[in-house]
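Examining the three-dimensional arrangement
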Amino acid sequence: MKKLLLATFVVAALPLAAQPALDRSKIPPPGKPPLLRVPAWTKTTLANGAELRVAEKHDLPLVSFSITFLGGADQFEQSDRRGVGALTAAMLSEGTKTRDGEALSNALQLLGTSVQTSIAGETGSMSFVSTSSKFAATLDILADMLLHPTFPPDALERLRAQRLVQLNQAKAQPGAIASRVFPRIVFGGAHPFGQATTEDSITAITRDNIGSFYQTYFRPGRALITIVGDVNPATVKGLVEKALAGWTAGGDKPAFTYPALPGAKPTAIYLVDKPGAAQSTFWIGNPGPPRNTPDYFALQVMNVILGGQFQSRLNANIREEKGYSYGVNSNFAFGKGPGPFRAGGDIVTAKTDLALIEFMKELRGIQGSRPVTDEELTTAKDALIQRLPGTFGSVGGINGSLTTIWTQGLPEDYYQQYSAHISAITKDDVLRVAKQYIDLDHLAIVIVGDRATIEGPLRTTGIAPIVITDIEGNPKTSQ
């Protein structure tokens, strides 16, 4: 052993022959762009109406499984019962007719996996990742949770108490406050996008509400089952049909008809007081377009330049050059409805006014006062195109990509055509969508911070009038 170690040391210590000298004055050339490899998948419809898609990936003994439901809290929750979907999803792991919550947890732990259930604004899902040898056993547990939940009353009260604590804690978190106030200002309380889970809505939820939501929501007629990994399509189809044999047909896909947006309000600063806050949290934006807008690819490129990557204009200015923040960004919340455009981040309190000036400068800049350069356009396109192959590097990434095609109604060759769509975007396209979808005259500028410190300097900027609101976005009578 000592001789082997000595020999290894001697070889490692020898000078490398024929190695060119490293010229540190030159930037190394980039490597080859990653190749896009989109896997094929099979498609079928089960007898109960659920759709099934299976993609094979045999390099590792892993399987990603998901049931995705079209429609979410915004389609199936009543305004006075907000949060019932998330509570119902959590209750599925609290017990079935044959296992209590602890037994479910132990069984999954022995299999080295877990089942995740969630309900978002426009979709919901049940999913897991397992080794291929444990797939059938894990699927059986998921099916038990889906088909035979018992919704124990004591579990409901425990989960309710947890959520009430979380909501109370959120009142002290500027980021959480901004995430509630901004949609309320932009969309209003009558629009699903402007509604939020509250202590009152959680307190009002009954076990009957949970059972009713479960019976209405978890239906195969609005479900897509995706399986990706070390599997045989025919074999896993049989396993799914057996495990979900008791899942009877029913359920329609929602129409996603949203109410009209409230009238646009002139740009204003909505200031929420957080005494003593070391940072001010910014959310700046307006309603945006749905995912099916023909301007989607142009908006993607424009947003990458503005605030969609680390070297974007917003971050390069406010973080790197000015040092006002650890990071700022922008994004569009694409979905079936008018998901908002939002720019923001956390700003050191003493620089709140100066940061707002820079935010507005960059928003005006992307609309033409600072024209997009050829280098910015190329960099943004390359970033979008070159990140795509990584999406298909894992079973989970592939599963999510297949699900997105279904939930957003995209063509099946969407990913193969993505590069061409992005490459076709011009500087004129970027300028056009920036002007069309960022409305500088009707922005909601939500800032959560120490009012005593920041209100005066914000007024001095003259950017917009200030409205003082509470932590729910309601204007205070005494300004």
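We now examine the sheet that holds strand S12 (residues 466–469). Here six strands make up an open sheet; going across it, the order is S9-S10-S8-S11-S7-S12 and the pairing mixed. Both outer strands of the open sheet, strand S9 (325–332) and S12, are each paired with one neighbouring strand and no more. Each strand of the sheet is rotated relative to its neighbour by a mean of 20°, with strand direction disregarded. By the bridge criterion, six bridges tie strand S7 (residues 268–273) to strand S11 (residues 444–449) in an arrangement that is parallel.

The next thing to look at is the pattern of salt bridges. Applying the stated criterion across every chain, the model contains 25 salt bridges. For Lys43, the salt bridge goes to Glu412, with nearest N and O atoms at 2.8 Å. Within this pair, whereas Lys43 is found in strand S1 (residues 42–45), its partner Glu412 is found in the loop between helix H15 (395–407) and helix H16 (414–423), the two being separated by 369 residues in sequence. With relative accessibility at 34%, the residue Glu412 sits in the partly exposed group. Between Lys427 and Asp374 there is a salt bridge, with the nearest N and O atoms lying 2.8 Å from each other. Residue Lys427 is located in helix H17 (residues 427–437), and its partner Asp374 is located in helix H14 (residues 374–387); the two are separated by 53 residues in the primary sequence. Bridged by salt links that share partners, the residues Arg313, Glu362, Arg370 and Glu376 form one connected network.

Tallied over the entire structure, the rule returns 24 aromatic pairs. Ring geometry for Tyr217 and Phe218: centres 5.1 Å apart, planes at 85°, overall edge-to-face. Taken as a pair, Tyr217 and Phe218 share a single burial class, namely buried. Residues Tyr296 and Phe297 carry aromatic rings whose centres are separated by 5.3 Å and whose planes lie at 80° to one another, so their mutual orientation is edge-to-face. On the accessibility criterion, Tyr296 (10% relative accessible area) is buried. Among the aromatic residues, those joined into a ring-pair cluster are Tyr296, Phe297, Phe332, Phe334, Phe341, Phe392, Tyr414, Tyr415 and Tyr418. One Lys or Arg, Arg291, reaches over the ring of Tyr296 and ends 3.4 Å from the middle of that ring. A cation sits over an aromatic face here: Lys336 above Phe256, 5.4 Å from the ring centre.

Most of S7 sits out of view: five of its six residues are buried. Judged from the four bridges that link them, S7 and S12 form a sheet pairing that is parallel. Counted as the bridge partner of Leu271 is Ile468 from S12.

This part is about the confidence of the model for the protein. The share of residues in the protein with pLDDT of 70 or more is 96%, and the mean pLDDT across the chain is 95. Every residue in residues 1–14 scores below 50 in pLDDT, and together they form zero contacts with partners more than four places removed in sequence or on other chains.

For strand S3 (residues 62–70), a buried count of eight out of nine residues is recorded, marking the element as mostly surrounded by other parts of the structure. For S3 and strand S5 (residues 123–131), the ladder comprises nine bridges, and the chain directions are antiparallel. Its bridge partner being in S5, Phe65 is matched across the sheet by Phe128. Relative to strand S6 (residues 223–229), S3 is paired through seven bridges, and the arrangement is antiparallel. The residue of S6 that forms the bridge with Thr68 is Leu224.

Conventions and cut-offs
- Each chain has its residues counted from 1, following the order in which its sequence is written.
- Only residues with pLDDT of 70 or above have their local features reported here, since the model is predicted, and side-chain atom pairs are shown and tallied only from 80 upward, although totals for entire chains, interfaces and linings are computed over all residues.
- To obtain the side-chain values, all non-hydrogen atoms of the structure were used and water was disregarded.
- For two strands to be treated as a pair, DSSP must find no fewer than two bridges joining them.
- The helix and strand labels rest on DSSP assignments: H or I over at least four residues marks a helix, E over at least two residues marks a strand, and numbering proceeds from the N terminus.
- Whenever a helix is involved, its axis is fitted only over the stretch in contact; in every case the axis is a line through C-alpha atoms, and angles between N-to-C directions fall within 0 to 180 degrees.
- When a carboxyl oxygen of Asp or Glu lies within 4 Å of a side-chain nitrogen of Lys or Arg, that pair is called a salt bridge.
- Throughout, exposure labels follow a simple rule: accessible area from a 1.4 Å probe, protein chains only, divided by the maximum for the residue type, with under 20% read as buried, over 50% as exposed, and the rest as partly exposed.
- Pairing of aromatic side chains here covers Phe, Tyr and the six-membered ring of Trp, requires ring centres within 6.5 Å, and sorts the geometry by plane angle: under 30 degrees stacked, over 60 edge-to-face, intermediate tilted.
- In our convention, an over-ring charge means Lys NZ or Arg CZ found within 6 Å of a ring centre and within 35 degrees of that ring's normal.
- Confidence scores labelled pLDDT are given residue by residue by the predictor and lie between 0 and 100.
- Should any heavy atoms of two residues lie within 4.5 Å, those residues are considered in contact.

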